[in-house]
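# Coordinate inspection notes
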Amino acid sequence: MSAHAGPPPPPLSAQDRAAAAARGVQARQVRAQVRAGLADGSIPVAEVLGDAQGADERGRILARMKVVDLLSSFRGIGPARAADMMRDIGIAENRRVGGLGSRQVQATTDLLDQRFSRGSN
């Protein structure tokens with residue numbers, strides 16, 4: 001028995017499926033570029049979190065990125081450490097970047113800035 005109630009979605013035309021596939025590819029490429037930029041330090045986390053609040057296509061894509069994936073983009077932070085950080089900040093494990101409140105955004109930015117501040121070693 002299916003976990004979803006209600007009628008199935010209407011069938012998509014070949015053009016609709018192709019457009020959806022193209023949007024999916026674009027979203028994965030944007031998220032991959034962001035993860036790479038966070039890992040090498042070329043994109044500040046504050047920029048990503050700010051862009052995710054935007055109404056443009058990039059903002060909508062970043063808003064759907066999972067917070068655990070964002071945190072795991074940084075060297076030295078895997079899924080377990082990301083989960084610990086999220087728990088410390090008060091972010092649910094299934095939260096997406098677009099669903100963060102202003103205090104959670106600030107706490108995430110502060111924690112990562114503190115952890116990866118230049119010249120702190």
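Note: the structure precedes this text.
Residues numbered from 1 in each chain as written. Predicted model: local features only at pLDDT ≥ 70, side-chain atom pairs only at ≥ 80, totals over all residues. Heavy atoms only, no water.

The subject of this paragraph is the pattern of salt bridges. A complete count under the given rule lists three salt bridges for this structure. Note that Arg-58 is salt-bridged to Asp-51, the shortest N-O span being 3.2 Å. Exposure remark for Arg-58: the relative accessible area of 29% places this residue in the partly exposed category. Judged by relative accessible area, Asp-51 falls into the partly exposed class, the value being 26%. With its nearest N and O atoms 2.4 Å apart, the salt bridge here joins Asp-84 to Arg-87. Of this pair, Asp-84 and Arg-87 both sit in helix α5 (residues 79–89), three residues apart, which is roughly one turn of the helix. A relative accessible area of 36% means that Asp-84 is categorised as partly exposed. (Salt bridge = Lys/Arg side-chain N within 4 Å of Asp/Glu carboxyl O. Buried < 20%, exposed > 50% of the residue type's maximum accessible area, 1.4 Å probe, protein only. Helix = DSSP H or I, 4+ residues; strand = E, 2+ residues; numbered from the N terminus.)

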